[in-house]
2 protein chains.
Amino acid sequence: MSFTLNEGIEILERTPVTLEHFLTGLSKGWIECNEGDGTWNAIQVVDHLNEGEKHNWIPRLKMIFQEGEHAVFPVFDRDSHLNGNASGTLAEKLQEFATLRSRNINMLNELLTQHENALDRTGVHPAFGTVTARELISTWVVHDLTHLSQIVRVFSKRYAEDVGPWQEYLGVLK
Amino acid sequence: MSFTLNEGIEILERTPVTLEHFLTGLSKGWIECNEGDGTWNAIQVVDHLNEGEKHNWIPRLKMIFQEGEHAVFPVFDRDSHLNGNASGTLAEKLQEFATLRSRNINMLNELLTQHENALDRTGVHPAFGTVTARELISTWVVHDLTHLSQIVRVFSKRYAEDVGPWQEYLGVLK
């Protein structure tokens, strides 16, 4: 096991600013490309991250402290950002992500200092059953990384043919 | 085929600033972790990117314009950054990357405007044979993305066990 709260927060606080510098100002060719029908482009990934900030991570952590194993987390709809409610430019969505994330990191620190043995407290996931606060927060971190990785993969595939014979050397295309 | 020079440069110019915001200030636990013996940590990836800026992309592009198919590119040693010559802190290495990359994008623009049908000009790769300038530049872009993806994957795997049952949902861990 590797998780520590400080190191986890290091990633959580860097994701918005990393995405801001990676994505802001890119052509539509990049930010609107996806991996085919039913897959997400970079804008939709940012919408999904914002949904998670509003409805997933902190609400579930609060349930762990308030309900423990007496209630099951509500199901988080991973496609909820596709309902068309998320308006605004990508720059605005990234700004919203930064604001939500900053507020949520403050809330995370507050919740963890209010409860003893906070990281070992448990809740009930609708699919997995018992999970700990430590697992939830670790997942929040890796969830950021999985979607950063997704955006990078989508972009890479756009040039899969353009690289010609170099395709063989480029791990991200495999 | 998707490559356009302007869009390719959009990625090339963002990679240093993206890595700077993603990596600067991270604990040793992150920047020194790798995927096991013989694999690279984030610092080594940045060293490798710097080697490419010095010895791979622009030198090969120059060979295309100067030699065409009359000479074979020298082999680029993908492990040359492991010889211990790369000193300095990660912040210094990232600053070096930004400086080298900025200079190389200027050189790229200069070389392409100096030659007619520049993107269609060809050179000889030691393993693949004939390659075009367009393929070389596309590869430069995807090479950035492949190493960004690598760093993200290395970080993710660090928490592969910490996420507990969520492992199933997190694509980057697969």
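The structure we're discussing is the one just above.
Just so you know, these numbers come straight off a predicted model, no measurement behind them. Counting restarts for each chain: residues are numbered from 1 in the order of the written sequence. Each chain takes a letter, starting from A, and each ligand takes a number, starting from 1, following the order in which they are written. Restriction of local features to residues with pLDDT of at least 70 applies here, the model being predicted, together with a cutoff of 80 or more for giving and counting side-chain atom pairs; totals for whole chains, interfaces and linings are based on all residues. Note that water and hydrogens are dropped before the side-chain values are worked out from all heavy atoms of the structure.

Help me understand the overall build of chain A in this model?
By the criteria applied, helices consist of DSSP H or I runs no shorter than four residues and strands consist of E runs no shorter than two, each listed in order from the N terminus. Looking only at helices and strands, chain A features 6 helices and 2 strands. Of the regular secondary structure in chain A, the N- to C-terminal order runs α-α-α-α-α-β-β-α. Considering only C-alpha atoms, chain A reaches an extent of 55 × 35 × 30 Å along its principal axes. Residue burial in chain A is summarised as follows: out of 174 residues, 54% are buried. Residues count as neighbours in contact if any of their non-hydrogen atoms are within 4.5 Å of one another. Relative to all contacts within chain A whose residues are 6 or more apart in sequence, the contacts with residues 24 or more apart total 72%. About 7700 Å² of surface is accessible on chain A, with carbon and sulfur atoms providing 46% of the total. Where the 15 positive side-chain charges of chain A centre and where its 24 negative ones centre are 1 Å apart. Exposure categories follow from relative accessible area, calculated using a 1.4 Å probe and restricted to protein chains: below 20% of the type maximum is buried, above 50% is exposed, and the middle band is partly exposed. Note on areas: Shrake-Rupley with a 1.4 Å probe; residue coverage comes only from the protein chains shown. When charges are counted, neither His nor the chain ends are considered; positive counts come from Lys and Arg and negative counts from Asp and Glu. Each charge is placed at NZ for Lys, CZ for Arg, CG for Asp and CD for Glu.

Sorry, what's going on with the environment of A:Asn34 here?
Residues and elements named next belong to chain A. Structurally, Asn 34 is set in the loop between helix H2 (28–31) and helix H3 (42–55). We classify Asn 34 as partly exposed; its relative accessible area is 36%. Put simply, Asn 34 and Ile 151 are 117 residues apart on the chain and 8.7 Å apart in space, counted from C-alpha to C-alpha. The contact partners of Asn 34, leaving out residues within four places of it in the chain, are Thr 39, Trp 40, Asn 41 and Val 154. In this structure the side chain of Asn 34 is engaged in a polar contact, spanning 2.9 Å, whose partner is the backbone nitrogen of Gly 36. The definition of a polar contact used here is a pair of N or O atoms within 3.5 Å, where within protein one atom must be able to donate a hydrogen and the other to accept one, and adjacent residues in sequence count solely through side-chain atom pairs.

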